[in-house]
Each structure stands twice: as structure tokens, then as C-alpha cells.
Amino acid sequence: MPVKRTNHFSGGYFDLRLIGSVVLLGALLALMPHAFAQSGKPSEVPKTQDAAAPLSHDLSGVWMQYPEGNVPGVPGMNAVDERTRPPLTPWGKTKFDAAKPLVGPRAVPGVENNPELRCEPDGPPKLLNLPNPFEMIQIPGRVLMFFELGHIWRTIWADGRPLPKDPDPTYLGYSVGKWDGDTFVVDTIGFNDRLWDDSYGNPRSDATHLTERYRRLNHDTLELQIIIDDPKAYTKTWVSPPKRHKLEPGWEIAEWFCILDEDKVYDDAVRKPAGAAPAPNQ
Amino acid sequence: MRFSQYIAVLGSILTISIGAFAQTDRPSEKPSATVAPSTLSHDLSGVWMPYSLHMDGIDEKLRPPLTPWGQARFDASVPLVGPRAIAGKENNPALHCEPEAVPKSLILPNPFEIIQIPGRMFMFFEQYHLWRTIWADGRPLPKDPDPTFLGYSAGKWEGDTFVVETTGMNDKPWVDSYGNPRSEQMHLTERYRRLDHDTLEMQIIMDDPKAYTRPWVNPPQRFKLEPGWEIAEFFCIYDEEENYGDAVRKPAGVAASPK
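Residues numbered from 1 in each chain as written. Chains lettered and ligands numbered in written order. Predicted model: local features only at pLDDT ≥ 70, side-chain atom pairs only at ≥ 80, totals over all residues.

### Observations regarding the overall build of chain A
Okay, step 1: Looking only at helices and strands, chain A has 4 helices and 12 strands in total.
Okay, step 2: Here chain A, with 282 residues, has 43% of them falling under the buried criterion.
Okay, step 3: Long-range pairs, those at least 24 residues apart, make up 65% of the contacts in chain A between residues at least 6 apart in sequence. (Helix = DSSP H or I, 4+ residues; strand = E, 2+ residues; numbered from the N terminus. Buried ≥ 20, exposed ≤ 12 C-beta atoms within 10 Å, placed from the backbone. Contact = placed C-beta atoms within 7 Å.)

Take a look at the structure:
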């Protein structure tokens, strides 16, 4: 067995050698590269926006989420913040109770059923919340997003088209965006109900209308607010506080696929013997 | 064909039937004549659909002799399609939803989209929702990259041909649907030419001395611009592939080679 090292924020054990090739384990594994990447910049504070200067309408670049409370090495995953979650509907409660997350206070080792453990693709909003970088590319009429975790890409149509009336449900949904002043507002519908909204088992139904609000506060700082309107799962709209992301000009999105065989191996060799880790932000 | 919206994998079988439907109203379409080279476009952006649905962008008839390593790999592979298919014994990596990657993604009978921005080209493959970057900013290929499914790609214009070089691939996917192997020594070359507004030509050249005794040079394959198309969501979902395999593929037996 290779060297094991205690992870300072989760208390879990991780096999460092496996990280490069073993995919998945979104929450747990994903936190580690983040912690390393941030360690050289412990006290960075976002610059304040010059009131006179207009905010940029170009969101292109590789963006990495700020840690919780700007504490280095402590990843947040609170762009979808469970502390602000509205009450669940009966349908939502049934789904929530059936979800056995890998992390958080409800984690039970050995019975986890996160969809990503079967390598189902992560989709919004969870994809936006993971402590891994994403890249945005703007071209006329369209914004492309590339997520390192799972090698997922999505299109946000920005050519003025409306949302489709009755789209077939998909993992990523159908997204359109437009500028509202200095905020790029993305609306997405047409989701399936196979994924969770977060790493803690909060459900996503096919009635979800997701809104993402992007503002580039200054050259290096992107703010993202996630608003979930899912009347099938939640009794009110779930409004999470904005989360900040830092521009990483030298970074390239690496190849990181979910490989089922490798995840099984990791699962049996590391995760189950180690037990489940607590949620990073609780 | 409602299945095809969300049931993944089974590349060859399922996707050929989709393609067949899409093509039925144009059975005798011929590529238009090549225009003078100096006027060929250097913009490859658009959604492209292969003319031929026979996955012949990599032509097994032109395959050089295998090395002993290549032969061992080839013998161990049991494809879903073709003369070596054995029902119930298939071990195509795509059956575990492993990414197909290049070059195989380039020859599947499904559309891909190309987007060009300064210094960079993106390719989006409908099958399994794959994307790749081809750096076109003059950078060299990395010296000793970690092996990945997609490798590391750099491209540049040579006259009217956009030449993409890729190295740094792992040896997990096959290069085609028939079990021909790919080693980590693969140096893949793709040559793209836009013959006219609606026609893209692509040639695949594989130099993989660990698997093949000579470079494997394929004939150019043509693609048609499909201006109204959007790349749909088509993920490989392992559970669904298992269900599909049990419910449809295995009872039906193995499909014949599309050739």
C-alpha cells in the first residue's frame, strides 16, 4: 500500500498515489488538488472594484473557486448552500431520505449511493459548486463552459433564443444566457431528476429552473450566484449567497474522466476501509 | 428511436441506425468538385457529419502488420461488431463507458462540432459528450506528457491543410470498433482540408511502432456541414448500457460488421 497522508480538513485518509488516475469521489478527492493549489497564496483578498470602471463583459478564462471564508485549503462547496435550503416538499423529502451521500453528517460508510459513484455525469448546479476549476470561452452568440471534474462541457446559448418549451430531460439541461447590466444571467431548464443539487443528497427534479448570475468584479474575480427554483422538490426558491472565483491565467483544464473500473478499485481499497469523511463545511 | 436520446454506448449498432435515418433523403449525394487550393477556407467551424457511416476513416484493410505486442492486444480484444465478434464475450472498453477518445471518436457515425478561436481549436463529439482542445498557438508537443485518453494535441496550418499532431495517449481505448490496439507510443496525425463550404476532408495517419510495424495511412474521409444542427446530449451511462445489453443487445445476438 502506498504512503497515506492525513488530510487536514476532512480527517479522512487518502491514497495520494491514486489521485492521478482514480477518478470520481467528487467531494473528497476533489478537495485535495485544491488545497495544494491554494497553499502558496494564503492571504489573498479580492480587490475591490473601482466604482467608476465598468465591469467586464468577457468571462473567458480558467476560474477556480475561492475557499470558504478565504481560508486557504478549506474548500467551500457552498455555492449551493444547504444552510439556506428551503423546506422540502414530500417528493423532495422522499428523494432526500433515499440519498446516501459520501460526505456530510448523513454519510454512512458502505451504503453511499451518489450518482457519480456509478460515473453518471455531474450537471449543474452541482458541477458549478465543486472545488475544481472550470474554463469559460465566449464566442459570438454562445458561452462554453468546461469543467475539469468529469471532463464535462456545456453550451449556454447567448444569441437571444428563448428556452425551449418542452425539452427532453437531460443531465445538463438546456441553457440560455443574456447580459443584465454587468451580470450575465443564465437560465436552464430541461433537467432530468437523476442527479443531486449538491454533495449532500439534496434532490434535483425535472421541474428545476436554475438561474446562475455571473459578475466579473475585477479582472481576477468572478462572482457566481446560484438560484434554484424547483417546486417539485422545494417549497420555496433556494437562493444561495454569491461565491467568488479567481482567474488562473496559467492553468489548463486537465483530463479527468470518471472511470468506473478505477473508481471501484479506489472504493474497495481506500474509501470503504477509511470510513466516510465529514462534510468539509460543517 | 427514443432510446437513442439517452441510452448510451453500443456505438456502432445504435448510432448507425440514427445516421441511416438522417441520411435517407440524400442517398446519392456526391461531394462537389475541389476548388483551387488558394481559396480553401481556413475556418473549420461548424457541425460536421460523416458522408459515410461505415467508420472507414480508419480502414482495417490498410492496416500494417502488427508487432508481437500489437498482436497480443488484438487477440485479446473481442469486439461488438465485425468478423471477430463473439456474442456475450465482448470486451470493448466502451461497454464500461470508458472514453473512446481519438482516433476512434473521429470515425464514429455521429456528428462533431469544431469551434476555432485564436490560438486554439475545440472539437465536440456527440457520442459520449467528449470534447478536446487542439492548441494552435505555435506551442510544441510536450516532451513527456502523462498518458491520457485524449492525449495532448497541437495543430498548425500547412497551406490549406490544418495538421493536428497528438501524443501522450494511454493504451486503453481501441483505435476502431474492431479491436485494433493503441499504445502509449502512438503519434496520431489528422489532416483537415475544407474542400468547399459544405465539405471537410480528414485523413488519419497513425504512427504507433509499439503496435504496428509501419505507419497506418488511411484514405481521406469526407464530412458534410450541417448548419442547422446542435450537438445533442449523449452520455455513456453505465447502468443503462448494462440494461440495454441485457434487454436488447445480448438477446439479439451480435450485429454484423457494417462493412
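### With respect to the overall build of chain B
Okay, step 1: The secondary structure content of chain B amounts to 5 helices and 10 strands.
Okay, step 2: The buried share of chain B, taken over its 259 residues, is 38%.
Okay, step 3: Considering only contacts in chain B between residues 6 or more positions apart, those separated by 24 or more positions represent 65%.

### Examining the confidence of the model for chain A
Okay, step 1: Residues with a pLDDT of 70 or more make up 71% of chain A, whose mean pLDDT is 80.
Okay, step 2: Confidence drops under pLDDT 50 across residues 276-282 of chain A; counting only partners more than four residues distant or on other chains, this segment forms 28 contacts. (pLDDT = per-residue confidence, 0-100.)

### Observations concerning the interface of chain A and chain B
Okay, step 1: Listed as interface residues are 17 residues of chain A and, on the opposing side, 17 residues of chain B.
Okay, step 2: For the side of chain A that touches chain B, the elements supplying multiple residues, two or more each, are β4 (134-139) and α4 (260-274) of chain A.

### Looking at the pairing of strand β12 (residues 243-247) of chain A
All names here are of chain A.
Okay, step 1: When strand β3 (residues 61-65) meets β12, the two strands line up antiparallel, connected through 3 bridges. If you follow M64 over to β12, its bridge partner there is K246.
Okay, step 2: Bridge count for strand β10 (residues 221-229) against β12 is 4 bridges, and the pairing is antiparallel. Along β12, the bridge assignment pairs L222 with H245. (Pairing = 2+ DSSP bridges.)

### Examining unusual backbone geometry
Excluding glycine, residues mostly have negative phi values, and the peptide bonds linking residues are mostly trans.
Okay, step 1: A cis amide bond, omega 0 degrees, links A:P124 with the succeeding residue A:P125.
Okay, step 2: Following the sequence through the fold, A:P125 ends up in the loop between α2 (90-98) and α3 (126-129).
Okay, step 3: Following B:V102, the chain continues into B:P103 via a peptide bond in cis, with omega recorded as 5 degrees.
Okay, step 4: For B:P103, the position within the fold is in the loop between α3 (68-76) and α4 (104-107).
Okay, step 5: Despite not being glycine, A:C119 has its phi angle at roughly 65 degrees, a positive value.
Okay, step 6: On the secondary structure map, A:C119 appears in the loop between α2 and α3.
Okay, step 7: Overall, the presence of 26 C-beta atoms within 10 Å leaves A:C119 in the buried class.

### Observations regarding the confidence of the model for chain B
Residue and element names in this part refer to chain B.
Okay, step 1: Across chain B, pLDDT averages 84, with 78% of residues at or above 70.
Okay, step 2: Note on residues 1-31: pLDDT under 50 across the span, and 47 contacts to partners over four residues away in sequence or across chains.
Okay, step 3: This stretch, residues 254-259, has a pLDDT under 50; its non-local contacts, to residues over four places away or in other chains, come to 15 contacts.
Okay, step 4: Interface confidence for the predicted complex, given as ipTM, is 0.82, next to a pTM of 0.81.

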